[in-house]
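Coordinate analysis (summary)
Given next are the chains, with one letter for each unit.
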Amino acid sequence: MINLRVDDLDGLITDLRAKGIEVIQKDEWNTMPEVGQFARIHDPEGNAIELWQPAEPSAA
């Protein structure tokens, strides 16, 4: 699996779906908000590509 870090996961998902690309999202992938959000797509050969938007750093 390839893991790609993205800046705007929601916007990317919208764009991918508008182009007919299936995007998979599962609640269990996003159970730790301090890590970020995840989604997955597949390339034409069926290889998984994970899309990860890291959580915003918290102000301490």
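Definitions and cut-offs
Residues numbered from 1 in each chain as written. Predicted model: local features only at pLDDT ≥ 70, side-chain atom pairs only at ≥ 80, totals over all residues. Heavy atoms only, no water. Salt bridge = Lys/Arg side-chain N within 4 Å of Asp/Glu carboxyl O. Helix = DSSP H or I, 4+ residues; strand = E, 2+ residues; numbered from the N terminus. Buried < 20%, exposed > 50% of the residue type's maximum accessible area, 1.4 Å probe, protein only. Pairing = 2+ DSSP bridges. Axes fitted to C-alpha atoms, helices over the stretch in contact; angles between N-to-C directions. Contact = heavy atoms within 4.5 Å. Phe/Tyr/Trp six-rings, centres within 6.5 Å; stacked < 30°, edge-to-face > 60°.

1. Brief notes about the pattern of salt bridges
A complete count under the given rule lists one salt bridge for this structure. Linking Arg 40 and Glu 50 is a salt bridge whose minimum nitrogen-to-oxygen distance equals 3.1 Å. Of the two residues, Arg 40 is situated in strand β2 (residues 36-42) and Glu 50 in strand β3 (residues 48-54); the sequence distance between them amounts to ten residues. With relative accessibility at 18%, the residue Arg 40 sits in the buried group.

2. Looking at the pairing of β2
A regular strand places its side chains on the two faces of the sheet in alternate fashion. For β2, the tally of buried residues reaches five of seven residues, placing the bulk of the element in the interior. Here β2 pairs with β3 via seven bridges, running antiparallel. Bridged to His 42 within β3 is Ala 48. Hairpin connection from β2 to β3: five residues lie between these consecutive antiparallel strands, with Gly 46 at a positive phi of about 90°.

3. Describing the sheet that holds strand β1 (residues 2-5)
Ordered by their spatial adjacency, three strands build an open sheet running β1-β3-β2, and the pairing between neighbours is mixed. The sheet terminates laterally at β1 and β2, the two strands that pair on one side only. When strand polarity is set aside, the average angle formed by the axes of neighbouring strands in this sheet is 25°. Relative to β3, β1 runs parallel, the two sharing four bridges. Note on β3: the bridge partner recorded for Ile 2 is Ile 49. Across the sheet, helix α1 (residues 9-18) is in contact with β2 and β3; its angle to β2 comes to roughly 20°.

4. Things to note about the environment of Gly 36
Its location among the elements puts Gly 36 in strand β2. Taking relative accessible area as the criterion, Gly 36 reaches 6% and is therefore assigned buried. Gly 36 has contacts with Asn 30, Trp 52, Gln 53, Pro 54 and Ala 55, leaving out every residue within four places of it along the chain.

5. Points about the packing of aromatic side chains
Enumeration over the complete set of coordinates arrives at one aromatic pair. Centre to centre, the rings of Phe 38 and Trp 52 are 6.2 Å apart; their planes meet at 10°, and the pair counts as stacked. Here Trp 52 lies in strand β3 and Phe 38 lies in strand β2, a separation of 14 residues in the sequence. Across this residue pair, the class does not change: Phe 38 and Trp 52 are buried.

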